[in-house]
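The residues making up each chain are set out below.
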Amino acid sequence: MTIPNSDFMIENGVCDFPTTPAEEKRIVSELITESEDNLKEGNLYFVISKRWYASWQKYVEQSTNECLSGESSRPGAIDNHDIIESESDANDPQLRRLLVEGVDYVLVPQEVWKRLVEWYSGGPPIERKLICQGFYSRSYSVEVYPLCLMLTDGRDESRTTIRLGKQTSIRELCEKVCTMTGVAQEKAHIWDYFHKRKNGLLDPSSNKSLEESSLQMDQDILLEVDGSSSSQYAISSAGNELALVPLEPSRSRVTIAGGPTLSNGHSTSSKFSLFPRITSEDDGCNSLSILGKGEKGGLAGLSNLGNTCFMNSALQCLAHTPPIVDYFLQDYSDDINRDNPLGMCGELAIAFGDLLKKLWSSRNAVAPRSFKTKLARFAPQFSGYNQHDSQELLAFLLDGLHEDLNKVKRKPYIELKDSDSRPDDEVAEELWNYHKARNDSVIVNVCQGQYKSTLVCPVCGKISITFDPFMYLSVPLPSTLTRSMTVTVFYCDGSRLPMPYTVTVPKHGSIRDLITALGTACCLADDESLLLAEVYDHKIFRYFENPLDSLSAIKDDEHIVAYRLNQMPKGSGNAKLEILHGGLERDVLESVRGRDVKLFGTPLVTYVNTDPLSGTDIDAVISGFLSPLHRVHASSKIHNGSDNGHLADATTDETSASLSSPDTEIDDASDGQLSFRIFLTDERGLNYKPLQSESSVSPGTITKVLVEWNEGEHETYDSSYLNDLPEVHKTSFSAKKTRQEAISLFSCLEAFLAEEPLGPDDMWFCPSCKEHRQANKKLDLWKLPDILVFHLKRFTYSRYLKNKIDTFVNFPIQDLDLSKYVKNKNGQSYLYELYAISNHYGGLGGGHYTAYAKLIDDNKWYHFDDSHVSSVNESEIKNSAAYVLFYRRVGSETETQTAEMSRSDMD
């Protein structure tokens, strides 16, 4: 690719810099494309402040005319100081923690950085490397935050910060430590010193990466040198060798009933007392802290390893799911499927089971380092130290555990039969048996249900029915299905002042839905209609005349008006008259081809007959529109020193003199007989022709006129009503309103099950029409699992908007009865009780996750906030932070088994 010479300059122009904005944009775009086409591990990227980059984007998006006129200034030197730590070394700048890509910073390839520095200079440079991650599918990402380790030198207890990429090997780490401290490698002993405890000696010859070795952000490592280690560290090292994650799950029986029962038969069903400070226990230790008398299992916290609260929240919910815990606390080694190409060789299930054993056998908080290492290996999207979504983790984990534990080692090929109008229950049972023949695990047995999906072709009426399994129900909040829109209605007959109306419409609705809602709000009569238009820069930008057009075409920051019109007689034509408003910095007649005419306010629009209009006719239309805007005190001035309400013009001579200008292309000025100075203008607003009372105008499809507002008009009419045009939607006001509203879990479920058309990007191929159709889709619940998970879709994402909905959802704790929603009437109980909640507090790009979980055997709720665990009243668990709800069936086989085991332990 050839890059133009950066010394290019505009001849005789204002932009005396290396390139034009358009050239800069083109060069950078090509360099980015070239970089994306040549991705490889080790490529360099640079972090740039989003604040500066946004100013550069604004600059390069401008037109050449804007550049020449100087309307958008060139950004100054690159300035990254708002995204780096103020106390960091100028030669080694460190990014502030918790920055969000696209919000606080952007990443650009090395060649783009070089070119931007060449043009703008500045900095400081913040260099990062592209890394490749993943076990099955490899993915590239830029390691924005390298691993930060705190080195403690055992000789003098000094502490030094070491920053390395997480894919750096242990061997390279040891070499770096020895180089920094001047210690010979044969004399150095470097320990994994997580939480100031010796968790394992690092092998100086190992090529395992730091991430694979479970080293975490900001954790400690310890250097000991032969012959000089202090007694403090020597004592602490006893019995604390690093334990590897076992290749097989433990075969010792541990049951959930009444708390963990270890292989020696010791029961821990007594009441638990909370600890004021919960210390942390690394999940890599060989020995577990066996619970003693008076201590309850299942109340260990999980240490936060750096923005891992999302993971801790999901794990605690699963760690208190009775059938899941009961399964993993027993011997499940025979179920491990190491050959499943869709699984993780059993490693994820083993790591998860090992973590659950520690959670239910310890009184201390557990640091899930080994589990996070496995998670990052198989799901690179959860690696690093950024905040993620607890529901997305939960979805991956349930699916991954199922594949690792799938008892079906060889999945049979099954050719699906056509329903052939057979009864639904027969087809559903057949498809469920097909599914179970290929998928058999504890996850499928307790967490998977089945729903019925019905598609109807809108053209031929073809009906397609399928039955599909589900792991959880992602239900929308009803507020996500609707949209609040504010539109200002103008009354063409002058009967009322302009009035803004806020209406609620379907989010994926049509223009017809908006017109219907507005008509109801403003009490539209049968012989009236509404004309919708977007106003931009005080002109009509577009009309919305097709009732089937999607409302998604209207963005929240746009200004929409509706003109209330009397129905036009049939055959009278649909010519529009647009009335623009001009405020004077210079007289319209003195303007040079309209360039100096400054528009203001909202245009007025009405339909007119296609018969010729006189100046008097147009003047009357304008007077009617503006009549509600009359100032109260203006009536005494209307006939004082004015003609028909228009003040005498003292600039007649100057105006007449300007008529000879060859650029204005106008005839004579208004003769003063009209109430307003009116000018006929063209589509682009460059030429203005004054209208007199006897002037004749032949309306076209759109006829545009300009009303010139002098001091007299402003004294007579209150023009503020023309200026106050609200946006379609103001997010800040909506957020306050949403938090005050409450909806029920049932209404969320009903919104999920409601019939709706498929989106334009999700068309269905109709087998009858042989065409893709926007079919109507209806979901019904058919088979419900023992463990039913509801995901409340609080986060909404689109190209233009990211938002979190804080609406309070009222959900039952006891007696969630779903009988009326299940179509399969097989006599089974559909009564559920809540036992766990994953909560999210705060907004997008951050926030904090916690969990509520119930210990079933003692009927008490607890709050799990990372490593801190505390009791909580049942009345406190309902709040607007609830994000994922976990229910278990009342009277289920699982519940009965758990109760029987609990009774046997008590005996």
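Owing to the predicted nature of the structure, the values given are computational and were not obtained by experimental measurement.

### Section: the overall build of the chain
Here comes step 1: Within the chain, the regular secondary structure consists of 22 helices and 46 strands.
Here comes step 2: In the chain, buried positions account for 50% of the 907 residues.
Here comes step 3: Across the chain, contacts joining residues at least 24 apart in sequence account for 72% of those joining residues at least 6 apart.
Here comes step 4: Entry remark: accessible area of the chain is about 42900 Å², with carbon and sulfur atoms responsible for 48%.

### What to know about the packing of helix H9 (residues 347-361) against helix H10 (residues 369-378)
Here comes step 1: In contact at an axis separation of 9 Å, H9 and H10 are set at 155° when each is read in the N-to-C sense. What the angle tells us is that H9 and H10 run roughly antiparallel. Along this stretch, H9 crosses H10, giving a crossing that reads as left-handed. Residues Glu347, Leu348, Ala351, Phe352 and Leu355 of H9 form the contact with H10, whose own contacting residues are Phe371, Lys374, Arg377 and Phe378.
Here comes step 2: When grouped by side-chain class, the residues that make up the contact of H9 with H10 number six nonpolar, no polar and three charged.

### So, the environment of asparagine 312
Here comes step 1: Relative to the assigned elements, asparagine 312 resides in helix H7 (residues 309-318).
Here comes step 2: Judged by its relative accessible area of 3%, asparagine 312 falls in the buried class.
Here comes step 3: Separated by 537 residues in the primary sequence, asparagine 312 and tyrosine 849 have C-alpha atoms spaced 8.0 Å apart.
Here comes step 4: In contact with asparagine 312, not counting residues within four places along its chain, are Leu302, Ser303, Asn304, Pro368 and Asp866.

### Digging into the pattern of salt bridges
Here comes step 1: Counted under the stated rule, the structure contains 32 salt bridges.
Here comes step 2: The partner of glutamate 211 in a salt bridge is lysine 166, and the shortest N-O contact between them spans 4.0 Å. In this pair, glutamate 211 sits in the loop between strand S10 (200-201) and strand S11 (220-225) while lysine 166 sits in the loop between strand S8 (158-164) and helix H5 (170-181), placing the two residues 45 residues apart along the sequence.
Here comes step 3: Under the relative-accessibility criterion, lysine 166 is labelled buried at 9%.
Here comes step 4: As a salt-bridge pair, aspartate 354 and lysine 358 come within 2.7 Å of each other at their nearest N and O atoms.

### Let's talk about the packing of aromatic side chains
Here comes step 1: Across all of its chains, the model carries 20 aromatic pairs by this definition.
Here comes step 2: An aromatic cluster is built from Tyr327, Phe328, Tyr332, Phe352 and Phe371, whose rings are joined through pairwise contacts.
Here comes step 3: For the cation-ring pair, lysine 198 lies above tryptophan 191, with the distance from its terminal atom to the ring centre recorded as 4.4 Å.
Here comes step 4: Cation over ring: lysine 576 sits above tyrosine 543, and NZ or CZ is 4.8 Å from the ring centre.

### Description of the packing of H9 against helix H11 (residues 390-404)
Here comes step 1: Where H9 contacts H11, the two axes come as close as 8 Å, and the packing angle between them is 110°. Looking at the two axes, H9 sits roughly perpendicular to H11. In terms of crossing hand, the pair formed by H9 and H11 is left-handed. Of H11, the residues touching H9 (which contributes Glu347, Leu348, Ala349 and Phe352) are Phe396, Leu397, Gly400, Leu401 and Asp404.
Here comes step 2: Taken together, the residues of the contact of H9 with H11 break down into six nonpolar, one polar and two charged.

### A few points about the sheet that holds strand S18 (residues 499-506)
Here comes step 1: Pairing within the open sheet is mixed, and its five strands lie in the order S18-S17-S21-S19-S20. The open sheet has two free edges, formed respectively by S18 and strand S20 (539-544), since each of these has just one partner strand. Across the sheet, the mean angle separating the axes of adjacent strands is 40° when strand polarity is ignored.
Here comes step 2: Two elements, strand S19 (residues 528-536) and S20, share five bridges in a ladder whose sense is antiparallel. Counterpart to valine 535 in the pairing with S20 is isoleucine 540.
Here comes step 3: Contacts from helix H15 (residues 511-521) reach strand S17 (482-491), S18, S19, S20 and strand S21 (559-566) within the one sheet, and its direction differs from that of S18 by about 130°.

### Points about helix H16 (residues 615-626)
Here comes step 1: Counted at 1.5 Å a residue, the expected span for H16 with its 12 residues is 16 Å, and the 17 Å between its end C-alpha atoms agrees.
Here comes step 2: Among the residues of H16, those classed as buried are Gly615, Ile618, Asp619, Ile622, Phe625 and Leu626. Buried residues of H16, seen end-on, are gathered within an arc of 125° and therefore sit on one face of the element.

### Description of the nonpolar core
Here comes step 1: In this structure, Phe328, Phe352, Phe371 and Phe886 are the most contacted members of the largest nonpolar core, which totals 61 residues.
Here comes step 2: At nine residues, H9 tops the list of elements feeding residues into this core.
Here comes step 3: In this structure, Leu753, Ile805, Trp861 and Ile877 belong to the second largest nonpolar core, which totals 36 residues.

### Thoughts on the state of the cysteines
Here comes step 1: Inspection of the entire model under this criterion finds zero disulfides.
Here comes step 2: Not engaged in a disulfide, the cysteine cysteine 523 finds its nearest cysteine sulfur in cysteine 522; these two sulfurs lie 7.0 Å apart.
Here comes step 3: When its relative accessible area of 61% is taken as the criterion, cysteine 523 is described as exposed.

### Focus: the sheet that holds strand S36 (residues 776-783)
Strand-to-strand pairing in sheets goes through backbone hydrogen bonds, with the strands running parallel or antiparallel.
Here comes step 1: Judged by pairing direction, the sheet is antiparallel, and its four strands sit side by side in the order S15-S14-S36-S33 without closing on themselves. Of all strands in the sheet, those with a lone pairing partner are strand S15 (463-470) and strand S33 (756-757), marking the two edges.
Here comes step 2: Where helix H12 (residues 424-438) meets the sheet, it contacts strand S14 (449-456), S15 and S36, and its direction lies at approximately 40° from that of S15.

### Focus: unusual backbone geometry
Here comes step 1: A cis amide bond links glycine 123 with the next residue in sequence, proline 124, at an omega value of -5°.
Here comes step 2: Within the secondary structure, proline 124 sits in the loop between strand S4 (122-123) and strand S5 (127-133).
Here comes step 3: At lysine 196, a position not held by glycine, the phi torsion is positive, near 60°.
Here comes step 4: With respect to the secondary-structure elements, lysine 196 resides in the loop between strand S9 (188-192) and S10.
Here comes step 5: What makes lysine 196 partly exposed here is its relative accessible area of 46%.

### Considering the side chain of arginine 128
Here comes step 1: Structurally, the position occupied by arginine 128 is in strand S5.
Here comes step 2: Relative accessible area serves as the criterion here: at 10%, arginine 128 is assigned to the buried category.
Here comes step 3: In this structure the side chain of arginine 128 is engaged in a polar contact, spanning 2.5 Å, whose partner is the backbone oxygen of valine 144.
Here comes step 4: The residues contacting arginine 128, other than those within four sequence positions of it, are Asn43, Leu44, Tyr45, Val47, Leu95, Val142, Glu143, Val144 and Pro146.

### Digging into the pairing of strand S45 (residues 868-872)
Here comes step 1: One ladder, built from five bridges, connects strand S44 (residues 860-865) with S45; its direction is antiparallel. Looking across to S45, one finds that phenylalanine 864 is bridged to valine 869.
Here comes step 2: Joining the antiparallel neighbours S44 and S45 is a turn of two residues, in which aspartate 866 adopts a positive phi near 55°.

Conventions adopted
Residues numbered from 1 in each chain as written. Predicted model: local features only at pLDDT ≥ 70, side-chain atom pairs only at ≥ 80, totals over all residues. Heavy atoms only, no water. Helix = DSSP H or I, 4+ residues; strand = E, 2+ residues; numbered from the N terminus. Buried < 20%, exposed > 50% of the residue type's maximum accessible area, 1.4 Å probe, protein only. Contact = heavy atoms within 4.5 Å. Areas by Shrake-Rupley, 256 points an atom, 1.4 Å probe, with all protein chains shown as cover. Axes fitted to C-alpha atoms, helices over the stretch in contact; angles between N-to-C directions. Parallel < 35°, antiparallel > 145°, perpendicular 65-115°, else oblique. Left-handed = near helix turned anticlockwise from the far one by under 90°. Nonpolar A, V, L, I, M, F, W, Y, C, P; charged D, E, K, R; others polar. Salt bridge = Lys/Arg side-chain N within 4 Å of Asp/Glu carboxyl O. Phe/Tyr/Trp six-rings, centres within 6.5 Å; stacked < 30°, edge-to-face > 60°. Lys NZ or Arg CZ within 6 Å of the ring centre and 35° of its normal. Pairing = 2+ DSSP bridges. Expected span 1.5 Å × (residues − 1). Arc of directions from axis to C-beta. Core = buried A, V, L, I, M, F, W, Y, C linked by side-chain atoms within 4.5 Å. Disulfide = S-S within 2.5 Å. Polar contact = N/O pair within 3.5 Å; in protein donor to acceptor, adjacent residues only side chain to side chain.

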